[in-house]
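# Structure at a glance
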Amino acid sequence: QVQLVESGGGLVQPGGSLRLSCAATGSIFVINRMGWYRQAPGNQRELVAVITSGGSTNYVDSVKGRFTISRDSAKNTVYLQMDSLKPEDTAVYYCTYNVRERRFSTARDYWGQGTQVTVSS
């Protein structure tokens, strides 16, 4: 089993910054990719950013140039640096990892518990 623990959410004014962290513990052989999703009230969960094991990144158009995903492989941790925040960024943010727990096991997705980000004056 793999556990993901998120931190870093909170209340910030428009134009401000926050940094989310997500650390994985448990049985991990390899992490294929890490990502962040978000879900605002009444909306579907959407992919915000993803980073692969090779370091490639991808972002939803609405956050390009403002958000940066990065990772610390030694710590099995992924980060989401969020700058120039807007009220429409308000949502619960979830991290997700695609993990193989053992050499020949099938990869599966794990999710964090979610952290609230509120952008408001």
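Residues numbered from 1 in each chain as written. Predicted model: local features only at pLDDT ≥ 70, side-chain atom pairs only at ≥ 80, totals over all residues. Heavy atoms only, no water.

## Thoughts on unusual backbone geometry
- The phi angle at N76 is positive, at roughly 50°, despite the residue not being glycine.
- For N76, the location among the structural elements is in the loop between β7 (67-72) and β8 (77-82).
- In this structure, S84 is a non-glycine residue whose phi angle is positive, near 50°.
- In this structure, S84 sits in the loop between β8 and β9 (91-100). (Helix = DSSP H or I, 4+ residues; strand = E, 2+ residues; numbered from the N terminus.)

## A short note on the side chain of R66
- With respect to the helices and strands, the residue R66 is situated in the loop between β6 (57-59) and β7.
- Here S84 takes part through its backbone oxygen, which lies 3.0 Å from a polar atom of the side chain of R66.
- At 2.7 Å, the side chain of R66 and the side chain of D89 are in polar contact.
- Filtering out sequence-adjacent residues up to four positions away, R66 remains in contact with Q81, M82, D83, S84, L85, K86 and D89. (Polar contact = N/O pair within 3.5 Å; in protein donor to acceptor, adjacent residues only side chain to side chain. Contact = heavy atoms within 4.5 Å.)

## Re the environment of T77
- For T77, the position within the fold is in strand β8.
- The class of T77 is buried, set by a relative accessible area of 7%.
- Residues T77 and G54, 23 residues apart in the sequence, show an inter-C-alpha distance of 15 Å.
- If sequence neighbours within four positions are ignored, T77 has contacts with C22, A23, M34, S70, R71, D72 and Y97. (Buried < 20%, exposed > 50% of the residue type's maximum accessible area, 1.4 Å probe, protein only.)

## Quick notes on the sheet that holds strand β3 (residues 18-26)
- Pairing is antiparallel in the open sheet, where four strands are placed in the order β1-β3-β8-β7. Bordering the open sheet on either side are β1 (2-7) and β7, each of which pairs with just one other strand. Put simply, the sheet's adjacent strands are angled 15° from each other on average, direction ignored.
- Relative to β8, β7 runs antiparallel, the two sharing six bridges. From the neighbouring strand, I69 faces β8, where its bridge partner is L80. (Pairing = 2+ DSSP bridges. Axes fitted to C-alpha atoms, helices over the stretch in contact; angles between N-to-C directions.)

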